[in-house]
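Here is how the chains run, residue by residue.
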Amino acid sequence: MNPIRDPDCAFCDIIAGDAPARIVSRRLGVTVFLPDEPATRGHVLVVPDDHTVDIWALSQGTARNLASEVLRVAAAARDAMRPEGLNVIQSNGRAATQTVNHLHVHVVPRWASDAVEDFWPSPNPTWSTADLDAMRSSLEAAVATSKLAGYDMASEQDREDRRKHLDLISGAIGRMAGSSAAAKGWSVTLAGAAFGVALVRESWPFIALGILTLIAFGALDARYLNAERRARDVYDSVADDNSVVPLSMKGLATQARPPRWWWPNHFRNWSVWLFYGPLAVVGGALLVIALLTGPAEKPAGSEAPGNMPSQQP
């Protein structure tokens, strides 16, 4: 699946290869690269390939892959740079010094003599006991009800729901594939019948009817195949990325799909063009031949049986 991209995002340009950067790694939908001005030797950015503005827009699947890559990069930085310490920094919003609206994690090797300034405020306590208790109560209630999109794989009930979800999506994929095959079968039957009648009766309107039948069933088949493709995307997002709301069949909420049935993207499928295209070409050739040659002339002396002279004396 192609990464979800924001055309105005500098990090999306780097991930797509449209902007230069010193790429360190690409794996699990996560890209690691050096910033233009590293704060220390070995400072890198770990960035999800899908455009995600901040931590609140992060799905469980992307969070899992991002955290895995941060751990891997941190271990690599320790082995390669031999630092005395390490900062892992992730900021959200301008007030928290986020300057690029694409979620990113700074992995910063540290040395006692490096040029990075202190980040934390002075240790003087400025919060009262009541303030601290109120903070804890508010956060405790919010954390208890907070849940990211996707399944909690630590929950047995969520794991069972995930299996049911995948079965449900598999059924939808099977139904769409069966409907596509049925559309192809009916199109051949009806268009073939129309072409056959046209050849027997030497009537070109039946050829036009056969071509229209192919066009109609081709459009219907394209819709079935597009729905099947979307269902497969949802299946991948549940099975691999775990970024779909549990038991949802609406697809990825962050992936815009053209809503109009006639949208050209629906018809970009080799199964449609290679099946219906040759049939439509044959029908068009028959139509052109029929229009150029006109109706066949009847043999001299051939008359309808009703007009034949009586053989009675």
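One structure accompanies this document, and this report is about it. Only a predicted model underlies this, so the values are computations on that prediction, with no experimental measurement involved.

Bringing the overall build of the protein chain into the picture now. Regarding its fold elements, the protein chain presents six helices and five strands. If you list the helices and strands of the protein chain from N to C, you get α-β-β-β-α-β-β-α-α-α-α. Contacts in the protein chain between residues far apart in sequence, at least 24 positions, make up 65% of those at least 6 positions apart. When the accessible surface of the protein chain is totalled, it reaches about 20,400 Å², and 60% of it is carbon and sulfur.

Taking 1.5 Å per residue as the helical rise, helix H4 (residues 156-201) with its 46 residues ought to reach 68 Å, and the 68 Å between its terminal C-alpha atoms agrees with that figure. With its phi angle positive at about 55°, Glu202 sits one or two positions after the end of H4.

Another point: the sheet that holds strand S4 (residues 85-90). Within the open sheet, the five strands sit side by side as S1-S2-S3-S5-S4. Their pairing is antiparallel. Both outer strands of the open sheet, strand S1 (22-27) and S4, are each paired with one neighbouring strand and no more. Here the average twist between neighbouring strands, direction ignored, is 20°. As paired elements, S4 and strand S5 (residues 105-110) share six bridges and run antiparallel to each other. Note that in S5 the partner of Ile89 across the bridge is His106. The strands that helix H2 (residues 60-81) touches are S1, strand S2 (30-34), strand S3 (44-48), S4 and S5; relative to S3, the one it contacts most, it runs at about 160°.

Assignment of secondary structure puts Val108 in strand S5. For the pair Val108 and Arg41, spaced 67 residues apart in the sequence, the C-alpha separation amounts to 8.1 Å. Ignoring any residue separated from it by four or fewer positions in sequence, one finds Val108 in contact with Thr40, His43, Gly85, Leu86, Asn87 and Ile89.

Another point: the pairing of S3. For S3, the tally of buried residues reaches five of five residues, placing the bulk of the element in the interior. Relative to S5, S3 runs antiparallel, the two sharing three bridges. In the strand pairing of S5, Val44 is matched with Val107.

On to helix H5 (residues 204-241). Under the 1.5 Å per step criterion, the end-to-end length of H5 is 54 Å for 38 residues, consistent within 8% with the ideal 56 Å. The positive-phi residue at the C-terminal boundary of H5 is Asn242, with phi of around 55°.

Now for the packing of H4 against H5. Two elements in contact, H4 and H5, have axes separated by 8 Å at closest approach and are oriented at 170°. As summarised for this structure, H4 and H5 are arranged roughly antiparallel, according to the angle between their axes.

This paragraph deals with the pairing of S2. Where burial is concerned, most of S2 is hidden: four out of the five residues are buried. In this sheet, S2 lies alongside S1 in antiparallel orientation, the contact comprising five bridges. The residue bridging Arg27 from the neighbouring strand is Val30, located in S2. The turn linking S1 back onto S2 is made up of two residues, and Leu28 within it adopts a positive phi angle of 55°. Alignment of S2 against S3, held across four bridges, turns out to be antiparallel. Within S3, the residue paired with Phe33 across the bridge is Leu45.

Here is what the cut-offs are and how they apply
Residues numbered from 1 in each chain as written. Predicted model: local features only at pLDDT ≥ 70, side-chain atom pairs only at ≥ 80, totals over all residues. Heavy atoms only, no water. Helix = DSSP H or I, 4+ residues; strand = E, 2+ residues; numbered from the N terminus. Contact = heavy atoms within 4.5 Å. Areas by Shrake-Rupley, 256 points an atom, 1.4 Å probe, with all protein chains shown as cover. Expected span 1.5 Å × (residues − 1). Pairing = 2+ DSSP bridges. Axes fitted to C-alpha atoms, helices over the stretch in contact; angles between N-to-C directions. Buried < 20%, exposed > 50% of the residue type's maximum accessible area, 1.4 Å probe, protein only. Parallel < 35°, antiparallel > 145°, perpendicular 65-115°, else oblique.

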